[in-house]
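# Architecture at a glance
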Amino acid sequence: MPNRRFADGEMVMGRWPGSVLYYEVQVTSYNDVSHLYTVKYKDGTELELKESDIRSQSSFKHRKSQSSSSSPSRRSSSRSRSRSPGRPAKGRRRSSSQSREHKDDRKKIIQETNIALLVLVLFKPSENNTRRYNGEPESTERNDTSRITLEQKLKPDLETERVLEQYSLRPRKEEKKKEEIYSEKKIFETIKTIEKASSKTKELEFGGRIGTFMLIFFLPATVFYLLLMCKQDDPSLLNFPPPLPALESLWEARAFGVFLLWFFLQALFYLLPIGKVVEGLPLSNGRKLHYRINGFYAFVLTAAAIGTLLYFEFELHYLYDHFMQFAVSAAAFSMGLSIYLYIRSLKAPEEELAPGGNSGYFVYDFFTGHELNPRIGSFDLKYFCELRPGLIGWVVINLAMLLAEMKIHNQSMPSLSMILVNSFQLLYVVDALWNEEAILTTMDITHDGFGFMLAFGDLVWVPFVYSLQAFYLVGHPTAISWPVAAAITILNCIGYYIFRSANSQKNSFRRNPADPKLAYLKFIPTATGKGLLVTGWWGFVRHPNYLGDIIMALAWSLPCGFNHILPYFYVIYFICLLVHREARDEHHCKQKYGLAWERYCQRVPYRIFPYIY
């Protein structure tokens, strides 16, 4: 086994993968099996390099000293001899030689500038760009491709320059200036082309183009199927397909008008100058968007408006009687909104496009969302739809189901099962609105574009699928005892405690890792400057907030009993959704944090369920 040349802690010069550039690095460890050195750059990036890619600092300093000692004397001698009046011929020869040296130096400077600019473009730090280079092999291949493209594009310009030098011994100053300007323009045009190519979405989710095309039709069909099954006397999965209503009965202009009124009422509440204004995370261009945090105020104003309607004896159970028509109206509106969003995204600048929705394929970008933060003035469409119309509408629909149950079954008060479902889900919505600022760090805001997936999810899936338990209980009342209700309540409280405390722990650590209140938390430092918690809830499992979500979802379904599996669709869907999100989070975290994420996974082996998964 060969002996290692460099010791741990030694400062050496390490070659950046895929380039000829060397940077000062520190050796941190050596793998005797793979014979690779783990080195750390000054910005904190950790990479594994071969011994052939590492040089001692003394060799670099020796070359530098030689060049610096010889250059001045030659330049001084050239200047003194060229100015001597007694040697005109030698002066001219020296002047010609000096001109060639000047051109060679200028050519070398241009080449070095090209490489430096390319490195700045390909490796510029961006805290919000999840595809940036962090030492992963996949990113290295992408950067090598971009580097080859630049050399190919600059090669014709260098050939042209050599021809001009050969046949034009003394170009005029104006021509030199034009040459330099032209060369700079070509460099920045090439860089712009590389940036545009590197910003394309390479990895497609949801089955790619075919999968997203099918989901555009499958998601609405699933919603309508669930609502039709809940209306059946026997909502068994064996009774498939359910009797389909007449197509003309699925559309009602009044229901669509009420939906539009609801949407624009929430937009009005969003625009009210109440609540604080905060900054979001930095975008790829370094700019930070501003968001007004007033979701809880919008909820209070909505509650006051609903209370006023009930005071004047408005029949809110109209929602239950025309539930399918409202779902069709919301689906039609979300489709129209998605078309508008895609058309406007075609004119959006490259830096405003979503990292996950810029594949160049129409169907995929339409589904996932092409533009990251579409805005009309200061009105952020994605941020508004994320919490307002659908989430608050979910609570209103649950209340309508409660009133419908009382009217249909001639009850003076709602059933205990209906009270539990309404209370649990009301707590969840109020918590989300009260902690509205935390949504600014989620992938929905920072990574995903606003397209059909989020538009349909926010305006249709959330209010009409998440309220499935309340809708089911209206037609299929289920009686539960007080001890069972108490046990379900305790289960929901456990899930909520895990969910809220885990998210609060993460958000507090992100805002101020040096907070004395968090001194008991241990973390693994990363190359990005952030830390990965390995104690507290985040040292228990990698995604404790998802664990709390699943426990709460189960508590919401248990009041519906066990006669049918339909009320538990939400639990099954939620588990599948969170497993998909967890896999996507794992992929992005591995790209973002590199070796630090691998050490974190060894420290915290379980993803969502302790000792299971």
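Rules used in this analysis
- Residues numbered from 1 in each chain as written.
- Predicted model: local features only at pLDDT ≥ 70, side-chain atom pairs only at ≥ 80, totals over all residues.
- Heavy atoms only, no water.
- Salt bridge = Lys/Arg side-chain N within 4 Å of Asp/Glu carboxyl O.
- Helix = DSSP H or I, 4+ residues; strand = E, 2+ residues; numbered from the N terminus.
- Buried < 20%, exposed > 50% of the residue type's maximum accessible area, 1.4 Å probe, protein only.
- Axes fitted to C-alpha atoms, helices over the stretch in contact; angles between N-to-C directions.
- Parallel < 35°, antiparallel > 145°, perpendicular 65-115°, else oblique.
- Contact = heavy atoms within 4.5 Å.
- Nonpolar A, V, L, I, M, F, W, Y, C, P; charged D, E, K, R; others polar.
- Polar contact = N/O pair within 3.5 Å; in protein donor to acceptor, adjacent residues only side chain to side chain.
- 1 Å grid on protein atoms, 1.4 Å probe; cavity = no way out; pocket = protein on both sides within 12 Å on 5 of 7 lines; lining within 4 Å.
- Points joined across faces, edges and corners; volume = space filled by probe spheres on them.
- UniProt positions renumbered as here; feature names shortened; annotations may be inferred.
- Core = buried A, V, L, I, M, F, W, Y, C linked by side-chain atoms within 4.5 Å.
- Domains from an automatic or database assignment.
- Phe/Tyr/Trp six-rings, centres within 6.5 Å; stacked < 30°, edge-to-face > 60°.
- Patch = residues over 30% accessible without salt bridge, like charges linked within 9 Å, V, L, I, M, F, W, Y side chains within 5 Å.
- Areas by Shrake-Rupley, 256 points an atom, 1.4 Å probe, with all protein chains shown as cover.
- Pairing = 2+ DSSP bridges.
- Expected span 1.5 Å × (residues − 1).
- Bend = angle between axes of the 7 residues up to and from the residue.

## As for the pattern of salt bridges
- Scanning the entire structure with this criterion turns up 11 salt bridges.
- The shortest N-O distance in the salt bridge between E371 and R344 comes to 3.2 Å. Taken together, the residues E371 in the loop between helix 10 (362-368) and strand 8 (375-376) and R344 in helix 9 (residues 323-345) connect sequence positions 27 residues apart.
- The salt bridge involving E436 is made with R388; its shortest N-O contact spans 2.9 Å. With a gap of 48 residues between them, E436 in the loop between helix 12 (416-434) and helix 13 (443-446) and R388 in helix 11 (residues 381-408) connect regions that are remote in the sequence. Take E436 and R388: they sit in the same class, and that class is buried.

## Points about the packing of helix 7 (residues 295-311) against helix 12
- Contact pair helix 7 / helix 12: the axes reach a minimum separation of 7 Å and the direction vectors enclose 135°. Between helix 7 and helix 12, the angle is such that the two are oblique. Contact residues: G295, F296 and F299 in helix 7; L426, V430, L433 and W434 in helix 12.
- Residue composition of the contact of helix 7 with helix 12, grouped by class: 6 nonpolar, 1 polar and no charged.

## Description of the side chain of H447
- Residue position: H447 is located in the loop between helix 13 and helix 14 (452-465).
- The buried category is assigned to H447, whose relative accessible area is 5%.
- A distance of 3.1 Å separates a polar atom in the side chain of H447 from a polar atom in the side chain of D448.

## Observations regarding empty space enclosed by the protein
- Enumeration according to the criterion identifies 3 cavities of 30 Å³ or more in this entry.
- Volume-wise, the largest cavity comes out at about 80 Å³.
- Along the walls of the largest cavity sit 11 residues, with L281, L283, Y291, I445 and T446 positioned nearest its centre.
- Broken down by class, the residue content of the lining of the largest cavity amounts to 7 nonpolar, 4 polar and no charged.

## Focus on the UniProt feature "transmembrane region" (unreviewed entry) in the protein chain
- The feature "transmembrane region" (unreviewed entry), as given by UniProt, occupies residues 206-228, 253-272, 293-312, 324-343, 454-474, 480-499, 520-541 and 561-580 in the numbering adopted here.
- Within residues 206-228, the helical portion is 91% and the strand portion 0%, while the C-alpha atoms at the span's ends are 26 Å from each other.
- Here residues 324-343 runs as 100% helix and 0% strand, with 29 Å between its end C-alpha atoms.

## Overview of the nonpolar core
- Among the nonpolar cores identified, the biggest contains 114 residues, and M401, F464, Y466 and F574 are the most heavily contacted of them.
- Of the residues forming this core, the biggest block, 16 residues, is contributed by helix 11.
- Each of domain 2 (207-479) and domain 3 (480-612) gives at least three residues to this core.
- Leaving out residues up to four positions away in the same chain, F464 has contacts with V223, L227, F323, F326, A327, A330, I397 and L459.

## So, unusual backbone geometry
- In the Ramachandran plot, E313 falls in the positive-phi region, its phi being about 60° despite a non-glycine side chain.
- Relative to the helices and strands, E313 is located in the loop between helix 7 and helix 8 (318-321).
- Owing to a relative accessible area of 70%, E313 belongs among the exposed residues under this scheme.
- The phi dihedral of N410 is positive, around 50°, even though this residue is not glycine.
- For N410, the location among the structural elements is in the loop between helix 11 and helix 12.
- What makes N410 exposed here is its relative accessible area of 72%.

## Overview of the packing of aromatic side chains
- Evaluation of the coordinates by the stated rule reveals 48 aromatic pairs.
- Both rings, one in F367 and one in F452, keep their centres 6.2 Å apart while their planes meet at 40°; by these two values the pair is tilted. Of this pair, F367 sits in helix 10 while F452 sits in helix 14, placing them 85 residues apart in sequence.
- Since its relative accessible area comes to 1%, F452 is described here as buried.
- Ring geometry for W461 and Y573: centres 5.1 Å apart, planes at 55°, overall tilted.

## Let's talk about a nonpolar patch on the surface
- On the surface, I210, F213, M214 and F217 cluster together to form a nonpolar patch covering roughly 480 Å² of accessible area.
- In this fold, F213 is placed in helix 5 (residues 208-230).
- Take F213: its relative accessible area is 44%, and that puts it in the partly exposed class.

## Structural notes on the pairing of strand 7 (residues 290-293)
- Side chains Y291 and I293 project from strand 7 onto a buried face, and the interleaved H290 and R292 project onto a face without burial.
- Of the strand pairs in this sheet, strand 6 (residues 276-279) and strand 7 are connected by 4 bridges, and their pairing is antiparallel. Residue pairing across strands places K276 opposite I293, the latter belonging to strand 7.

## Some thoughts on helix 17 (residues 544-557)
- End to end, helix 17 covers 21 Å across 14 residues, agreeing with the expected 20 Å (1.5 Å per residue, within 8%).
- Along helix 17, 13 of the 14 residues are buried, which leaves the element largely enclosed by surrounding structure.

## Looking at helix 14
- Taking 1.5 Å per residue, 14 residues should reach 20 Å; helix 14 reaches only 17 Å between its end C-alpha atoms and comes up short.
- A maximum bend of about 40° is found in helix 14 at D458.
- In terms of burial, helix 14 is a largely internal element, 14 of the 14 residues being buried.

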